[in-house]
Amino acid sequence: MIILGLNYYFHDSTACIVKDGKLIAAIEEERLNRDKHTQAFPVMAINRCLKLADLSYEDIDHIAVSIKPTTNWKQKVVFLLKHLGSFMPFIGHYLVNAYAKQRRFWIWYGQHFKTKEEGPKVHFIEHHLTHVAGSFFVSPYEEAALLGIDGSGEWATSWLGYGKNNTVTRFEQSYFPHSLGSFYEAVTEFCGFRPNYDEGKTMGLAPMGNPNTFINEVRKLVTVDKSGKIKIDLSYFNYQHIVGKRCSDKFYKTFGRPRIHGEEFEQHHMDVAAAFQKVLEERLLEICDILYQKTKAKFLVLSGGVSLNSVVNGRIVRESPFEDIYVMPAAGDNGTAIGAAYYLYNGILGNPRNFVHDDPYVGTSYTNEEIKKVIDGAKLEADYIEDICQKTADLLAEGNIIGWFQGPMEIGPRALGSRSILANPAFPQMKDKINAEVKFREAYRPFAPSALVESYKDFFDLKVEAPFMLKVCNVLEDKQHLIPSITHVDGSARLQTVKKELHPRYHEVIQKLGERTGIPVVLNTSFNIQGEPVVESPKDALRCFYSTGLDYLAIGNYLLRKRNS
């Protein structure tokens, strides 16, 4: 059975192929069309996934889509009647825009299949089911508490429930405009960032501020009732009107002047970010307690855009009653393509669960021959290095910054050792150097460490594994001076634990760096510059290498260097 999973309705358009319950390929359209967080229909991703799976359009049996446009219309109409001033934006977004996206899908369908009867059956699946149930079905847990949190799907903004084997049960759901995702998008805009895009920057800014300055005011803005339902004080916000600023005048009177993009941060911007981050953590911990009391489950499956807030995830691991959490590597809307395919395969069609999504490396890969052809075509010189891991480790030990392009591409927003920029975290100035010379981004932004699963506890206080870099922990106090460039101002780090069986070459370079320096930890950031998607191809890698301050590029077994390196 071949299932094509699609997300085209929301940002981060993505396609995947599931064959007999196994995830064969998953690719975000942005990696191919080079438009970060693209909402374009994922034609290129579909074609590339089919190529990777060695399939044709005729082989597809089912198409699973991560949207059910007819869902929650009763709630939408009630909202519209209460907010008639938002009539035109509402019609534009939920009718005109929705119609255009669905029309684009059916045009694509008609280009490849003669009729609906002869082509693959199409299944439109409720957005939060693709987040929550889809994540559960590919998790390592036979049973778990389930939580989905995002800005909004069709209209819902949260999903609380329980999963066991092939079934999921919903306990509670919140609806727009009562949304923790929208709550956090508003402060992202206040801090001068792009909402629904730059929330990670807000999370990174928060430790620079004092949450206590505004904590009492922010706690009043959002509450959670005994069932887990979210309630927002909308008098502070404007996002519910769909257009315009996300914050109201009352918000600005309470928290001060918003930052304009490009301006320096003032203390109150950092303090507000800190307070919103802390309250987000508090409310999600409340919901986790409610879910635990309801389910008594050992584990939690967390999904939706808010689950990319790895600081929250770290606190859930440390402070909630759950032993561990599973967050898939593409936990945002990109992952709903995978979630839709698995909700169809396991939930609707009733097939036994036979797959755990613990391997994020499900994208494109390139052979040495393909890489060499691109290098030669660009009239560049490169050395073939038999032991590329040892050479890379030696260069890292000397303080070089290296583009690392190896093996199948990751799915999700985090670089996990296939399309990464690597450096030695022992050099104190390395964070500032990469921010300024390579990433061209704000100086405060932290970088993440990758450490061997065998030895990460020697440096970090995390008691569970973090293979997808989605759980923030603390760097052990007596080790912070050894790895200053990945230690944030509050002593935290967004750790990735690396297993040899998942990425042998990445594991080896970290191991060899440890043998050389005594510190088996590497600084890892995504192989891109600010505003662009992570590189996908050798051509993308060369372009990024020569337009940034990278010293070397290790691509397959080839090593490129710059004249002054």
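Now for a description of the structure that goes with this document.

What counts, and where the lines are drawn
Residues numbered from 1 in each chain as written. Predicted model: local features only at pLDDT ≥ 70, side-chain atom pairs only at ≥ 80, totals over all residues. Heavy atoms only, no water. Helix = DSSP H or I, 4+ residues; strand = E, 2+ residues; numbered from the N terminus. Rg over C-alpha atoms; globule rule 2.2 N^0.38 Å. Buried < 20%, exposed > 50% of the residue type's maximum accessible area, 1.4 Å probe, protein only. Contact = heavy atoms within 4.5 Å. Phe/Tyr/Trp six-rings, centres within 6.5 Å; stacked < 30°, edge-to-face > 60°. Lys NZ or Arg CZ within 6 Å of the ring centre and 35° of its normal. Polar contact = N/O pair within 3.5 Å; in protein donor to acceptor, adjacent residues only side chain to side chain. Pairing = 2+ DSSP bridges. Axes fitted to C-alpha atoms, helices over the stretch in contact; angles between N-to-C directions.

## Quick word on the overall build of the chain
- Helices and strands together make up the secondary structure of the chain, namely 17 helices and 21 strands.
- Taken against the 2.2 N^0.38 rule, which gives 24 Å for 565 residues, the C-alpha radius of gyration of the chain at 23 Å falls within 12% of a compact globule.
- Structurally, the chain occupies a C-alpha span of about 65 × 60 × 45 Å along its principal axes.
- Considering the chain as a whole, with its 565 residues, one finds that 61% of them fall into the buried category.
- Residue pairs in contact within the chain that sit at least 24 positions apart in sequence constitute 70% of those at least 6 positions apart.

## Comments concerning the packing of aromatic side chains
- In this structure the tally under the stated criterion is 46 aromatic pairs.
- Seen in terms of ring centroids, Tyr8 and Phe105 are 5.3 Å apart; in terms of plane orientation they differ by 10°. Their pairing is stacked. Highlighted residues: Tyr8 in the loop between strand 1 (2-7) and strand 2 (14-19) and Phe105 in helix 4 (residues 87-112), separated in sequence by 97 residues. Just as Tyr8 is buried, Phe105 falls in that class too.
- When the centroid spacing of 6.2 Å and the interplanar angle of 45° are considered together, the rings of Tyr366 and Phe405 count as tilted. Of the two residues, Tyr366 sits in the loop between helix 12 (336-348) and helix 13 (368-377) while Phe405 sits in strand 14 (residues 402-405), which places them 39 residues apart along the sequence.
- Geometry around Phe405 places Arg419 over its ring, the cationic atom sitting 3.9 Å from the centre.
- Sitting over the ring of Phe545, Lys562 keeps its end group 4.6 Å from the ring centre.

## Points about the environment of Ser56
- The topology assignment puts Ser56 in the loop between helix 2 (43-52) and strand 4 (62-65).
- Under the relative-accessibility criterion, Ser56 is labelled partly exposed at 29%.
- Only 3.1 Å separates the side chain of Ser56 from the side chain of Glu58, close enough to count as a polar contact.

## Here we look at the sheet that holds strand 6 (residues 143-149)
- Taken in spatial order, the five strands of this open sheet run 8-7-6-11-12, and their pairing is mixed. Of all the strands in the sheet, just strand 8 (167-175) and strand 12 (324-326) have a single pairing partner and so form its edges. Taking the axes of each pair of neighbouring strands and ignoring which way they run, one obtains an average angle of 20° across the sheet.
- Judged from the four bridges that link them, strand 6 and strand 11 (residues 299-303) form a sheet pairing that is parallel. Counterpart to Leu146 in the pairing with strand 11 is Val301.
- Running over the sheet, helix 5 (residues 127-137) touches strand 6, strand 7 (156-164), strand 8, strand 11 and strand 12 and is turned about 25° from strand 7.
- Strand contacts of helix 10 (residues 267-295): strand 6, strand 7, strand 8 and strand 11, with the helix running at about 150° to strand 6, the strand carrying the most contacts.

Coordinates in, geometry out; function isn't part of it.
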